[in-house]
Structure formats: structure tokens, C-alpha cells
Amino acid sequence: MEAMKAKDAVRLSAVRSIKSAILLAKTSEGGSKELEDADIIKLIQKLSKQRKESAEQYSAAGRQELADNELAEEKVLAEYLPKMLSEEEVEAKLKEIIAQVGASVPSDMGKVMGAATKTLAGLADGKTISAIVRKLLA
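Residues numbered from 1 in each chain as written. Predicted model: local features only at pLDDT ≥ 70, side-chain atom pairs only at ≥ 80, totals over all residues. Heavy atoms only, no water.

A.B. asks: Talk me through the overall build of the chain; I want residue IDs and the actual numbers.
C.D. replies: What the chain contains, in helices and strands, is 7 helices and 0 strands. The order of α-helices and β-strands along the chain, N terminus first, is α-α-α-α-α-α-α. The C-alpha radius of gyration computed for the chain amounts to 18 Å, which surpasses the reference 14 Å derived for 138 residues by more than 25%, pointing to a less compact arrangement than a globule. For the chain, buried positions account for 28% of its 138 residues. For the chain, the proportion of contacts with a sequence separation of at least 24, taken over those separated by at least 6, is 59%. Accessible area for the chain stands at about 9300 Å²; split by element, carbon and sulfur atoms hold 54% of it. Taking the 22 positively charged and 22 negatively charged side chains of the chain as two groups, their mean positions are separated by 2 Å. (Helix = DSSP H or I, 4+ residues; strand = E, 2+ residues; numbered from the N terminus. Rg over C-alpha atoms; globule rule 2.2 N^0.38 Å. Buried < 20%, exposed > 50% of the residue type's maximum accessible area, 1.4 Å probe, protein only. Contact = heavy atoms within 4.5 Å. Areas by Shrake-Rupley, 256 points an atom, 1.4 Å probe, with all protein chains shown as cover. Lys, Arg positive; Asp, Glu negative; His and termini not counted. Charge placed at Lys NZ, Arg CZ, Asp CG, Glu CD.)

Next comes the structure, spelled out in C-alpha cells:
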């Protein structure tokens, strides 16, 4: 309502996309009637990732005004997500996970990624986790 009253089209569009995704998840085949907070965070992360990818594609196609709109919506979506860890914080957590799992060679990446994605779910991007794990195990 605040976005509508303020005539903030970007915020309104982003909030409506969140609402739409939640309603779609609730009414889809096999969908549960109630969503947990973790499920909603995953939905918002997915929407945010879609906005980033769309912006990259628009930029590559020379449509900067569309890319800017997608990035503006992504910033609004980020407000509804928990604070992401910095790369240094992710690296520290991954060092702990590597020590727990006992990984030492690059072929142990699967074990580390399995534990890391569970531990860092919602706190770090999968690409960031993967890149840091590769660097640490190399």
C-alpha cells in the first residue's frame, strides 16, 4: 500500500512479484497451504537471481534502461532477504567446514559443498561458495 501511495513503481512491481510467487507456490500442485519463512526466503532469492540474470542479458543486448530497471527491482528484493555474509566471513566458515569434513584435495569438493550449502543456505550465494571452496582446496 505504501508503494502505491508513494507512486513508487519499482517497489510496487517488486513487492507484487513476491506476492505472486508466494501465491503461486501455495496453489501449485503438491504445494503446501502454508509456507515456512525459509521457503519464502528461497522464493525471494530466486526472484533476485532472476533479476540479476535478466539485467546481465539486457546489458549484453544494449538495453541499459531495462537492465537498470531489473537492478532497481533486485535492490528492493534484497531488502526482504537476510544480510548476506561477506567473502571473508564465508571463507572463515568454509575453512571450519573443510576441517570438519576432513577434505584436503579438489576431489573432496562434493563433500564440502554438500555441508556448506546446508550450513550457509540463505547467507551466501552458491557461486561464491563454490569459488571459495575451489580456491581453498587447490
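A.B. asks: Can you tell me about unusual backbone geometry, naming the residues and giving the values?
C.D. replies: Here the phi dihedral of lysine 7 falls at roughly 55°; this positive angle occurs in a residue that is not glycine. With respect to the secondary-structure elements, lysine 7 resides in the loop between helix H1 (2–5) and helix H2 (9–27). A relative accessible area of 73% means that lysine 7 is categorised as exposed.

A.B. asks: Could you give an account of the nonpolar core, naming the residues involved and the relevant values?
C.D. replies: Among the nonpolar cores identified, the biggest contains 15 residues, and Val90, Leu94, Val112, Ile129, Val133 and Leu137 are the most heavily contacted of them. Apart from the residues within four sequence positions on either side, valine 112 is in contact with Ile97, Ile98, Ala103, Val133 and Leu137. In terms of nonpolar packing, the next biggest core, distinct from the first, is built from 11 residues, Ile18, Ala21, Val76 and Leu81 among them. (Core = buried A, V, L, I, M, F, W, Y, C linked by side-chain atoms within 4.5 Å.)

A.B. asks: Explain helix H5 (residues 87–101) residue by residue, including any values.
C.D. replies: Given a rise of 1.5 Å per residue, 15 residues ought to cover 21 Å, and the 21 Å separating the end C-alpha atoms of H5 matches this to within 8%. In the stretch just after H5, glycine 102 is the one whose phi turns positive, near 80°. (Expected span 1.5 Å × (residues − 1).)

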